[in-house]
Amino acid sequence: MTSSQKPKKQELPPTAWAVLGLLSFPGERTGYELKKWADSSLRFFYWSPAISQIYAELRRLEELGYAASVRSGPEEARAKRRYGITPAGREALAGWAADSSEAGPPVLKHGLLLRVWLGHLAEPELLRRMVTEHLERTTGELAAVREAMAHAAEEPDWAFPTLALRWSERQHLAELELTRTLLADLAELPGAAHAAERADPAHPADPVQQERQGSGDAPTPG
């Protein structure tokens, strides 16, 4: 491949660089093995591409000369294709990783908070249950992060992935604290103590709350 044929690194999507990054560690791996590793590392602080995305990027990387593959021989019952990074791929990846202008700010898309933002349309008890479920789910994710950390700590070549997982552990701990605080904030909202009564047709609605809802006031002063 001539220099004029080499694409500029910004033409590759983040998924391609992530897959090439997985290949940059010692050893050759199948697409399935790359997916498993992404699920136990990348997803805790970035995201985990689908298996179809991984194979699509592997094909792209091979076409660019950034990755190479070999097919297993007849000694294996089921033929497998293993992929590894090439010198050109390692050089391109090192250049991309060192370019801080492409890192960009972190992007937060918190589905639960979007629903809290629309809490005026939800039953208070349902909203609290959603937050509680998020607390339980995050607790499970924290356990998975710590399991991944323990596994990474056993691999001498995974020192930097271990640092990223440590950051993810702290992020999950912070998320747990934020979620507990959110539950406390919900409990302190005006009328929260009587939310169950208002949801029950046998109990009359709070007249003050009815007046506020019917006044048409904006959620913020204007």
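Residues numbered from 1 in each chain as written. Predicted model: local features only at pLDDT ≥ 70, side-chain atom pairs only at ≥ 80, totals over all residues. Heavy atoms only, no water.

Enquirer: Help me out: how do you make sense of the overall build of the chain in this one?
Expert: For the chain, the count of helices and strands is 9 helices and 2 strands. Taken across its 222 residues, the chain has 30% of its residues classed as buried. Of the contacts made within the chain by residues no fewer than 6 positions apart, 60% connect residues no fewer than 24 positions apart. For the chain, the accessible area works out to roughly 14800 Å², and carbon and sulfur atoms hold 56% of it. (Helix = DSSP H or I, 4+ residues; strand = E, 2+ residues; numbered from the N terminus. Buried < 20%, exposed > 50% of the residue type's maximum accessible area, 1.4 Å probe, protein only. Contact = heavy atoms within 4.5 Å. Areas by Shrake-Rupley, 256 points an atom, 1.4 Å probe, with all protein chains shown as cover.)

Enquirer: When you look at the packing of helix H1 (residues 14–23) against helix H4 (residues 87–97) in this model, what are you seeing that I'm missing?
Expert: Between two packed helices, the angle of one axis relative to the other and the distance separating the axes together describe the packing. Contact geometry of H1 with H4 gives a least axis separation of 10 Å together with a crossing angle of 120 degrees. Taken as axis vectors, H1 and H4 run oblique relative to one another. With respect to the hand of their crossing, H1 and H4 are arranged in left-handed fashion. In contact with Trp17, Leu20 and Gly21 of H1, H4 contributes Gly89, Ala92, Leu93 and Trp96. (Axes fitted to C-alpha atoms, helices over the stretch in contact; angles between N-to-C directions. Parallel < 35°, antiparallel > 145°, perpendicular 65-115°, else oblique. Left-handed = near helix turned anticlockwise from the far one by under 90°.)

Enquirer: Help me understand the nonpolar core, please; the structure alone is not making it clear to me.
Expert: Proteins that are soluble and globular tend to have nonpolar side chains buried together. Grouped together as the largest cluster of nonpolar side chains are 29 residues, with contacts concentrated most on Leu20, Leu23, Leu34, Leu58 and Tyr66. For this core, the elements supplying multiple residues, two or more each, are H1, helix H2 (31–39), helix H3 (51–64), strand S2 (81–85), H4 and helix H6 (124–153). With 7 residues, H1 is the single largest residue contributor to this core. In contact with leucine 23, other than residues within four places in its own chain, are Leu34, Leu58, Ala67, Tyr83, Gly84 and Ile85. Leu127, Val131, Leu182 and Leu186 belong to the second-largest nonpolar core, a separate cluster that totals 5 residues. (Core = buried A, V, L, I, M, F, W, Y, C linked by side-chain atoms within 4.5 Å.)

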